[in-house]
Amino acid sequence: MYQRLLRTAFYTSLASYLALLTIEYKSPGFVSYVFSPHLVLLLAVIFGTLYAFTKPTPVNYRWYYLPALAIGGVLAVIVWREGVIFGELRLLLSLGCLILPVWTVSFVK
């Protein structure tokens, strides 16, 4: 019973945090002038920790590789566009951002 509630709260707070960060990236100060979006991340960490201790049902992680690759692609594009300051390391950091979410899914299995 509580497992589904905690899972829903975790995913909702995580999606809200990502949406707030996207809005903040597009128009700086729009969210941070009102409140800190990191408070929503704190909720995601709390709900995620509680959800992890409820012994979730087994999951087929094979379907998580495609969204992880999509998230990695978005991160790689952001690092490539905004990472001019890194110079020659920009390519290596972009590849790292592309691989990191997929590696994380493999690590969680």
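The preceding data block contains the structure.
Before going into details, it helps to say that this report is about the structure given with it. Just so it is clear, the model here is predicted, and its values are computed rather than measured.

The full count for this structure, using the stated rule, is 1 aromatic pair. On the numbers, 5.2 Å between centres and 50 degrees between planes, the contact of Phe10 with Tyr11 is tilted. We classify Tyr11 as partly exposed; its relative accessible area is 43%. Over the aromatic face of Trp80 sits the side chain of Arg90, whose NZ or CZ is 4.0 Å from the ring centroid.

All right, on to the side chain of Ser13 then. Of note, Ser13 is situated in helix H1 (residues 2-26). A polar atom in the side chain of Ser13 sits 2.9 Å from the backbone oxygen of Ala9. Of note is the side chain of Ser13, whose polar atom sits 3.0 Å from the backbone oxygen of Phe10. With near-sequence residues (within four places) excluded, Ser13 lies in contact with Val40, Leu43, Ala44 and Phe47.

Bringing a nonpolar patch on the surface into the picture now. Together, Tyr33, Val34, Phe35, Leu39, Leu42, Ile46 and Leu50 give the surface a local cluster of nonpolar side chains, amounting to about 760 Å² of exposed area. Mapped onto the secondary structure, Leu50 falls in helix H2 (residues 38-52).

Of the pockets and cavities examined, the largest pocket occupies roughly 1,400 Å³. Lining the largest pocket we find 30 residues, and of these Phe10, Tyr11, Leu14, Leu18 and Ile71 sit closest to its centre. If you list the elements that add at least two residues to the lining of the largest pocket, you get H1, H2, helix H3 (65-82) and helix H4 (89-108). With 9 residues, H1 is the single largest residue contributor to the lining of the largest pocket. Partitioned by chemical class, the residues of the lining of the largest pocket number 23 nonpolar, 4 polar and 3 charged.

So, about the packing of H3 against H4. In helix packing, the relevant descriptors are the interaxial angle and the interaxial distance, both defined with respect to the helix axes. Where H3 contacts H4, the two axes come as close as 8 Å, and the packing angle between them is 160 degrees. Judged by the angle between their axes, H3 and H4 are roughly antiparallel. Crossing handedness for the pair H3 and H4: right-handed. For the pair formed by H3 and H4, the contact residues are Tyr65, Ala68, Leu69, Ile71, Gly72, Gly73, Leu75, Ala76, Val79 and Trp80 on the first element and Arg90, Leu91, Leu93, Ser94, Cys97, Leu98, Pro101, Val102, Val105 and Ser106 on the second. Its residues placed into classes, the contact of H3 with H4 shows 15 nonpolar, 4 polar and 1 charged.

What counts and what doesn't
Residues numbered from 1 in each chain as written. Predicted model: local features only at pLDDT ≥ 70, side-chain atom pairs only at ≥ 80, totals over all residues. Heavy atoms only, no water. Phe/Tyr/Trp six-rings, centres within 6.5 Å; stacked < 30°, edge-to-face > 60°. Buried < 20%, exposed > 50% of the residue type's maximum accessible area, 1.4 Å probe, protein only. Lys NZ or Arg CZ within 6 Å of the ring centre and 35° of its normal. Helix = DSSP H or I, 4+ residues; strand = E, 2+ residues; numbered from the N terminus. Polar contact = N/O pair within 3.5 Å; in protein donor to acceptor, adjacent residues only side chain to side chain. Contact = heavy atoms within 4.5 Å. Patch = residues over 30% accessible without salt bridge, like charges linked within 9 Å, V, L, I, M, F, W, Y side chains within 5 Å. Areas by Shrake-Rupley, 256 points an atom, 1.4 Å probe, with all protein chains shown as cover. Salt bridge = Lys/Arg side-chain N within 4 Å of Asp/Glu carboxyl O. 1 Å grid on protein atoms, 1.4 Å probe; cavity = no way out; pocket = protein on both sides within 12 Å on 5 of 7 lines; lining within 4 Å. Points joined across faces, edges and corners; volume = space filled by probe spheres on them. Nonpolar A, V, L, I, M, F, W, Y, C, P; charged D, E, K, R; others polar. Axes fitted to C-alpha atoms, helices over the stretch in contact; angles between N-to-C directions. Parallel < 35°, antiparallel > 145°, perpendicular 65-115°, else oblique. Left-handed = near helix turned anticlockwise from the far one by under 90°.

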